[in-house]
4 protein chains.
Amino acid sequence: MKKLRVGVIGAGRIGRVHAENLAYRVRGATVVAVADVVPESAEKLAAELQVPRWYGDPAPIFADAEVDAVAICSSTDTHAKFIEDAAVAGKHIFCEKPIALNLARIDRALAAVEKAGVKLQVGFNRRFDPSFQRLRKVVANGEIGTPHILRITSRDPAPPPIDYVKVSGGIFLDMTIHDFDMARFMMGDEVVEVYVAGGVMVDDRIGQAGDIDTAVTTLRFRGGAIGVIDNSRKAVYGYDQTVEVFGSAGVANVTNKTPDNVVRCDCTGVHSSLPLYFFVERYAEAYVVEMQEFVNAVLNGTEPPVSGLDGRVPVVMAYAAKKSYDEHRPVRLSEIEA
Amino acid sequence: MKKLRVGVIGAGRIGRVHAENLAYRVRGATVVAVADVVPESAEKLAAELQVPRWYGDPAPIFADAEVDAVAICSSTDTHAKFIEDAAVAGKHIFCEKPIALNLARIDRALAAVEKAGVKLQVGFNRRFDPSFQRLRKVVANGEIGTPHILRITSRDPAPPPIDYVKVSGGIFLDMTIHDFDMARFMMGDEVVEVYVAGGVMVDDRIGQAGDIDTAVTTLRFRGGAIGVIDNSRKAVYGYDQTVEVFGSAGVANVTNKTPDNVVRCDCTGVHSSLPLYFFVERYAEAYVVEMQEFVNAVLNGTEPPVSGLDGRVPVVMAYAAKKSYDEHRPVRLSEIEA
Amino acid sequence: MKKLRVGVIGAGRIGRVHAENLAYRVRGATVVAVADVVPESAEKLAAELQVPRWYGDPAPIFADAEVDAVAICSSTDTHAKFIEDAAVAGKHIFCEKPIALNLARIDRALAAVEKAGVKLQVGFNRRFDPSFQRLRKVVANGEIGTPHILRITSRDPAPPPIDYVKVSGGIFLDMTIHDFDMARFMMGDEVVEVYVAGGVMVDDRIGQAGDIDTAVTTLRFRGGAIGVIDNSRKAVYGYDQTVEVFGSAGVANVTNKTPDNVVRCDCTGVHSSLPLYFFVERYAEAYVVEMQEFVNAVLNGTEPPVSGLDGRVPVVMAYAAKKSYDEHRPVRLSEIEA
Amino acid sequence: MKKLRVGVIGAGRIGRVHAENLAYRVRGATVVAVADVVPESAEKLAAELQVPRWYGDPAPIFADAEVDAVAICSSTDTHAKFIEDAAVAGKHIFCEKPIALNLARIDRALAAVEKAGVKLQVGFNRRFDPSFQRLRKVVANGEIGTPHILRITSRDPAPPPIDYVKVSGGIFLDMTIHDFDMARFMMGDEVVEVYVAGGVMVDDRIGQAGDIDTAVTTLRFRGGAIGVIDNSRKAVYGYDQTVEVFGSAGVANVTNKTPDNVVRCDCTGVHSSLPLYFFVERYAEAYVVEMQEFVNAVLNGTEPPVSGLDGRVPVVMAYAAKKSYDEHRPVRLSEIEA
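How each quantity is defined
Residues numbered from 1 in each chain as written. Chains lettered and ligands numbered in written order. Predicted model: local features only at pLDDT ≥ 70, side-chain atom pairs only at ≥ 80, totals over all residues. Heavy atoms only, no water. Helix = DSSP H or I, 4+ residues; strand = E, 2+ residues; numbered from the N terminus. Rg over C-alpha atoms; globule rule 2.2 N^0.38 Å. Buried < 20%, exposed > 50% of the residue type's maximum accessible area, 1.4 Å probe, protein only. Contact = heavy atoms within 4.5 Å. Areas by Shrake-Rupley, 256 points an atom, 1.4 Å probe, with all protein chains shown as cover. Lys, Arg positive; Asp, Glu negative; His and termini not counted. Charge placed at Lys NZ, Arg CZ, Asp CG, Glu CD. Buried area = accessible area lost by both parts, 1.4 Å probe. Salt bridge = Lys/Arg side-chain N within 4 Å of Asp/Glu carboxyl O. Polar contact = N/O pair within 3.5 Å; in protein donor to acceptor, adjacent residues only side chain to side chain. Nonpolar A, V, L, I, M, F, W, Y, C, P; charged D, E, K, R; others polar. Pairing = 2+ DSSP bridges. Axes fitted to C-alpha atoms, helices over the stretch in contact; angles between N-to-C directions. Left-handed = near helix turned anticlockwise from the far one by under 90°. Right-handed = clockwise from strand over helix to strand, strands pointing away. Least-squares fit on C-alpha atoms with pLDDT ≥ 70 in both. Phe/Tyr/Trp six-rings, centres within 6.5 Å; stacked < 30°, edge-to-face > 60°. Lys NZ or Arg CZ within 6 Å of the ring centre and 35° of its normal. Core = buried A, V, L, I, M, F, W, Y, C linked by side-chain atoms within 4.5 Å. Parallel < 35°, antiparallel > 145°, perpendicular 65-115°, else oblique. Expected span 1.5 Å × (residues − 1).

(A) Layout of the overall build of chain A. On a plain count of helices and strands, chain A comes out with 13 helices and 15 strands. In terms of overall dimensions, chain A is globule-like: its C-alpha atoms have a radius of gyration of 20 Å, near the 20 Å expected for 338 residues. By its C-alpha atoms, chain A is 55 × 55 × 45 Å across when sized along the principal axes. When each of the 338 residues of chain A is scored for burial, the buried share is 62%. Here the analysis covers contacts within chain A between residues at least 6 apart in sequence; of these, 70% occur between residues at least 24 apart. When the accessible surface of chain A is totalled, it reaches about 12,200 Å², and 52% of it is carbon and sulfur. Averaged over its 38 positive side-chain charges, chain A has a centre that lies 2 Å from the centre of its 44 negative ones.

Now the structure itself:
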């Protein structure tokens, strides 16, 4: 069977994750080219994975007839343009989130994809975590009845560098965006209104950069259910990523994942291991499944599990959250679109 | 050592709990009289516990020189009057929550207590649960650093009868009031603003009675921390009562309590027991500790651990929550007082 | 309804537990007399519980027509004699374990009970723990299929004083005896052979007293199943009391019980509370249920749940275990009886 | 840096695991040849992993100057011969357990390895599981003090085919051998005596084949500690693999690993997922670490973490266990060597 020939754009942390998975763990795919604005990074990654071609620019990848699909793992500000370039070149597209920080920009990119008729999958990796997949099935199967309350805890182990914070678009576009996606995925419903209570509790420099580091966001779903997301940029005990769905027939939740299952008791108490440190460790399996599903969708001609619209809606939610925080009131998503 | 002679007013479910604890489990106390509007209930309880005197009215208890203190366990609408009567009679007072549904009425009762110089403890039993006591110590000791986020889950196993719902004052005064107290207790801080998202999801008749059955309430504390309470009138798996405090140096939480520690695995999964069904079971120990602390405070001349003000503030919070729900906006507690 | 009038013999630690339970927590019983070789202890306990009569000797209790039953909580060497005295006097008998350290002495006492036709219940309290009761039901209901392997962990938090060790009869008669009873109770089957591997690991003085402090005992059941008991006199983290039954259709186990349900995470790990310290705390509920069932059996004329034979067999097992350790080979219970 | 060129001998289930790990997940290694008695299996595996050479016989691998090391994953009866062939050819050797079922045969193979001066690592994969590695560190660091009691539960989800049982050498050489290795590894001490209680409880055909399917094995360590291993060929709830070490300063244990962290409550109970089904899933990470450590040892010229002696001792233990079962008495390992 013919393999999907993928060009990986961006050889940074997440680019390396995807390239290595495509090379070793994803069935039916092969990496044929790597590009990065730092040519040495592309060269190094290509060497490690025995990828034949590498570039300091993605243009040759788009031009390459032997490339069937691209994985866009470059910086956020390049995503929309590369999506358009890939679409015009007829390549199928896996793109890291977010598509762009600007809705009009997103819409242009999605229009290009639609016009070209290529597949696009946006990189909301958490959906593919085995525990969250299982939880979604529990909810979708009605095992907890009609969902009434969704609770998401999402806390990073440490804030990013202040220089990154300044260009990140703020906590809602940078961090909560994953939870907005999780909320839609887990409930199978759309959010119509958000309300944020938050503040600067972790690091004053984050406040000086115009952002906040702690937020509790209430979501109202179209179907009437209520959701709550609590975020912090700094959980000293590691990456805290849990979800609970409460419904008319029960409750189900996902607890954190640990590096080992050792429990130790001494005269001071019972001790066990902290959660896996951050997303590369916590979502290692999710990244493999995510890419496998993209490859499967392209090879089988089916729809990718995370669409362009799935990439767009959380950006709208993030803008509504920002507006709610600024204006100190609940904000409807329809206000953002207007 | 002389025992505190207590008259129990109200021989319903909670009155029986307190009377039995005073008779058997609380050191330094003895029940000398029981009153209930249904005289047969008073008689029956008195017989069971070998209490010498019983009445169909509390007046003889207030008049009895051999009564040192009263435990007011009658219906909510009688609390304030009985507090005043007891205060005038110079009896120390344990009173079930809430003092009254009306703030002015509460204030008159508290004024009577202050004037008489008697002790008053309000029955916020959850504070005395061994797990919540331990969690409070963890927080107060700084073991999780500065608190940033408080999460309270409080879900009843089943809604009360509709006739009760109609006179209950609504979910915030009847149910969330306990969580408002827990929030203040656990954080050692005051709430300045609340925001509610909620609805009728469990039973339409609750909506027809002008109430809601599901609510997510966001709290802003004076010190900047954020709290979230999620309530449901119906958790089919039992009484769900958990609290988590997240802070700069860690997180701590209380999980549910189960009737046994049996874990069973068969070919379908790993199975364990549901939480204890409702408050009588869940807080059995808490009720004993609560009353012991009241008795100790009277005997030792110290301040009771839950003051009249502690009884009043959650009522203010409940009114603010109601207003937030009605007006669909965050409401400051100062708006209620005005 | 008439109450069972109980005389409590022995006002030491366990005597106080039973007396207090009979006075306050057991339905249908009342304590009418207390005796202890230290008269002040009897007097003090009687005063605390408002028991009308107290003595420095149990004889007046046996002679008292207003005593229906006795609870024998005195030192082990007095159990058999007091059983006989009570039987002759026509009193029903609750007796702490073991009946005696000598089988012939046990048999004489049981013969006296049988002749008198009174009820006898032996104090194997663990059977009445809610978790072990539930586990027994799981096994008896066939929820784990046919039992194949039984595992009992039973470790004390600290060894008894050396002076007690010297007169205790050794670890098997003093400590493992409870686990021998648990094994029979949980499996609903008899043990035919035991094998012990053990040693002195905790305290050399225990070895100098001719005893061991650590033992792993293998049990062969008549029906073919295998059991293992592991004992230590010193678990620094507290009383470790767990049981697992593995069978053809699954496995079920009881985990330890903790004083609270607080879980705390900081940058060093996840921490929770140690097991309850020792038997008084761990089996507080079990002692109440045990005595309630004795009272019920007498009042209802049914058989007590732990018979004289149930008190005898674990002593045989203890002797077989001792012999196995001494002779370094598996020993059949029939060798002891011979 | 130059990569270690490995020839994989045996393309069955475990051969595929090792080959894939060497190709994709182990740093510093490359698979250069595959051999299997079924040439099509070798060809297929070579094609999947893009391995240049494949054979129906391992001889060309031993003869190949471009092969630095071999991974012997063929049937047990070929292990010793292939070890000798590889040693003579100067290849470093990773060999699946057991080296042979016959001690003299093992000794000849180990002599050949010693004479050739090549590295040999035996495939006791469980040592490399992250949880067991962590537990070993806890024990070795003295975090639980001096070890007193070791408990190993090792239960397979289902028995192997009867035809395999017949040639397996019996439960001790086939299954418990892993637990014998775990016991030595975890305690850092040697076993001097074993005692077995066991039987046929799962499948009568296993008994007809002269084997047993359920066993409880007691171990005495040289240093005085006691160990217990409980084995069953059939745990309907999946692969049950837990270890506990109890010592003078505490206890530590490893619990089972699950495919997800979902907990679900409904009105019947709290439900979570079963353990991973069997060794390929449970020890997926362990197989990678194991092979990485072999490759590191060869590349760095250090000693492999599992020696030839480590491969031999558990075979002695298995023979002692068999003898104990047959003769119904404790058996010293020195009796086997004699």
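Read on, since the account is not over.
(B) Up close: the interface of chain C and chain B. The interface of chain C with chain B comprises 29 residues on the first partner and 28 residues on the second. A combined buried area of about 2,300 Å² lies between chain C and chain B, and 45% of that area is made up of carbon and sulfur atoms. Connecting chain C to chain B are four salt bridges. Here chain C and chain B share 12 residue pairs in polar contact (both at pLDDT 80 or more) between them. Mapped by element, the contributors of at least two residues to the side of chain C that touches chain B are helix 1 (13-25), helix 6 (130-140), strand 12 (250-254) and strand 13 (262-266) of chain C. Split by residue class, the side of chain C that touches chain B holds 14 nonpolar, six polar and nine charged.

(C) Structural context of the sheet that holds strand 3 (residues 53-55) of chain A. All names here are of chain A. In space, the six strands of this open sheet follow the order 3-2-1-4-5-6, with parallel pairing throughout. What marks the edges here is a single partner per strand, and that holds for strand 3 and strand 6 (120-123). Direction aside, the axes of adjacent strands within the sheet are offset by 25 degrees on average.

(D) Quick look at the environment of phenylalanine 128 of chain A. Residue and element names in this part refer to chain A. Summarising the element assignment, phenylalanine 128 is placed in the loop between strand 6 and helix 6 (130-140). On the basis of relative accessible area, phenylalanine 128 is assigned to the buried category, the value being 2%. Residues phenylalanine 128 and aspartate 107 lie 21 residues apart in sequence; the distance between their C-alpha atoms is 25 Å. Discounting residues that sit within four places of it in the chain, phenylalanine 128 has contacts with Gln121, Gln133, Ala286, Val289, Glu290, Glu293, Pro305 and Val306.

(E) Here's a closer look at the packing of helix 1 (residues 13-25) of chain A against helix 11 (residues 284-300) of chain A. Residues and elements named next belong to chain A. For the pair helix 1 and helix 11, interaxial distance at closest approach is 10 Å and the crossing angle is 65 degrees. In this structure, helix 1 meets helix 11 at a crossing whose hand is right-handed. Residues Ile14, Val17, His18, Asn21, Leu22 and Arg25 of helix 1 pack against Tyr287, Val288, Glu290, Met291, Gln292 and Val295 of helix 11. Of the residues contributing to the contact of helix 1 with helix 11, the split by class is seven nonpolar, three polar and two charged.

(F) Main features of the pairing of strand 6 (residues 120-123) of chain C. Residues and elements named next belong to chain C. Both faces of strand 6 are covered, namely the face carrying Leu120 and Val122 and the face carrying Gln121 and Gly123. Pairing geometry for strand 5 (residues 92-96) and strand 6, over four bridges, is parallel. Residue glutamate 96 lies in a different strand from strand 6, and its bridge partner there is glycine 123. What joins strand 5 to strand 6 is helix 5 (residues 103-116), and the crossover it makes is right-handed.

(G) Structural detail: the relation of the copies chain C and chain B. The two copies are related by a screw operation: chain C maps onto chain B through 180 degrees of rotation and 0.0 Å of translation along the axis, at an RMSD of 0.0 Å. Such a combination of rotation and displacement between the chain copies is what one expects of a two-fold axis. Within chain C, the C-alpha atom positioned nearest to the axis of rotation is that of tyrosine 24 of chain C, 2.8 Å from it. When the interface residues of chain C are mapped onto chain B, 97% of them again fall at the interface, so both copies present the same face.

(H) Representation of the packing of aromatic side chains within the structure. This structure, assessed with the given rule, holds 35 aromatic pairs over all chains. Considering the side-chain rings of phenylalanine 278 of chain C and phenylalanine 279 of chain C, the 4.9 Å spacing of their centres and the 75 degrees angle between planes classify their relative orientation as edge-to-face. The structure contains a cluster of three or more aromatic residues connected by ring pairs, namely Phe132, Tyr239, Tyr277, Phe278, Phe279 and Tyr283 of chain B. Stacked on the ring of phenylalanine 246 of chain C, the Lys or Arg arginine 155 of chain D has its end atom at 4.3 Å from the ring centre.

(I) The arrangement of the relation of the copies chain B and chain A in detail. For the pair chain B and chain A, the superposition axis carries a translation of 0.0 Å, the fit reaches an RMSD of 0.0 Å, and the rotation angle comes to 180 degrees. A share of 100% of the interface residues of chain B reappears at the interface of chain A, consistent with the copies meeting face to face through the same patch.

(J) Region of the structure containing the nonpolar core. Residues Ile93 of chain B together with Ile93 of chain C are the most contacted members of the largest nonpolar core, which totals 212 residues. Beyond its immediate stretch of four places on either side in the chain, isoleucine 93 of chain B contacts Val70, Ile72, Ile83, Ala86, Ala87, Val113, Val118, Lys119, Leu120, Gln121 and Phe294 of chain B.

(K) Representation of the packing of helix 6 of chain C against helix 8 (residues 171-187) of chain C. Residues and elements named next belong to chain C. Relative orientation of the contacting elements helix 6 and helix 8 amounts to 40 degrees, with a least axis distance of 8 Å. Comparing their axes, helix 8 and helix 6 come out oblique. Contact residues: Phe132, Leu135, Arg136 and Val139 in helix 6; Met182, Phe185, Met186 and Met187 in helix 8. Each residue belonging to the contact of helix 6 with helix 8 can be placed in one class, and the counts come to seven nonpolar, no polar and one charged.

(L) Geometry of helix 1 of chain C. The end-to-end C-alpha distance of helix 1 of chain C is 17 Å, a good match for the 18 Å that 13 residues give at a rise of 1.5 Å each. Taken together, the buried positions of helix 1 of chain C are occupied by Ile14, Gly15, Val17, His18, Ala19, Glu20, Asn21, Leu22 and Tyr24 of chain C.

(M) Examining the interface of chain B and chain A more closely. Facing 36 residues of chain B, the contacting portion of chain A comprises 36 residues. Counting the surface lost from both chain B and chain A, the interface buries some 2,900 Å², and carbon and sulfur atoms represent 64% of this. Together, Arg151, Met201 and Phe246 of chain B form the three largest contributors to the area buried by chain B at its contact with chain A, with a combined 19%. Where chain B touches chain A, the interface holds four salt bridges.

(N) Representation of the side chain of glutamate 193 of chain D within the structure. With respect to the helices and strands, the residue glutamate 193 of chain D is situated in strand 8 (residues 191-199). A polar contact is formed between the side chain of glutamate 193 of chain D and the side chain of histidine 328 of chain C, at a distance of 2.6 Å. In this structure the side chain of glutamate 193 of chain D is engaged in a polar contact, spanning 2.7 Å, whose partner is the side chain of arginine 220 of chain D. With sequence-adjacent residues up to four places away left out, glutamate 193 of chain D is seen in contact with Tyr195 and His328 of chain C together with Thr218, Leu219, Arg220, Pro330, Val331, Arg332 and Leu333 of chain D.

(O) Examining the sheet that holds strand 1 (residues 4-9) of chain C more closely. All names here are of chain C. Strand order across the open sheet formed by six strands is 3-2-1-4-5-6, with parallel pairing between neighbours. Where the open sheet ends on each side, the last strands, each with one partner, are strand 3 (53-55) and strand 6. Mean inter-strand twist for the sheet, computed between neighbouring axes without regard to direction, equals 25 degrees. As paired elements, strand 2 (residues 29-35) and strand 3 share three bridges and run parallel to each other. Bridge pairing in strand 3 links alanine 35 to tyrosine 55.

(P) Just the pattern of salt bridges, in detail. Residues and elements named next belong to chain D. Under the definition given, this model contains 139 salt bridges over all chains. For the salt bridge of arginine 184 with glutamate 190, the shortest nitrogen-to-oxygen distance reads 2.7 Å. Note on arginine 184: relative accessible area 7%, which makes it buried. For glutamate 190, a relative accessible area of 22% gives the class partly exposed. In this structure, the salt-bridge partner of glutamate 193 is arginine 332, at a minimum N-O distance of 3.9 Å. Residue glutamate 193 is found in strand 8, and its partner arginine 332 is found in strand 15 (residues 331-332); the two are separated by 139 residues along the sequence.

Worth remembering: the numbers are spatial, not functional.
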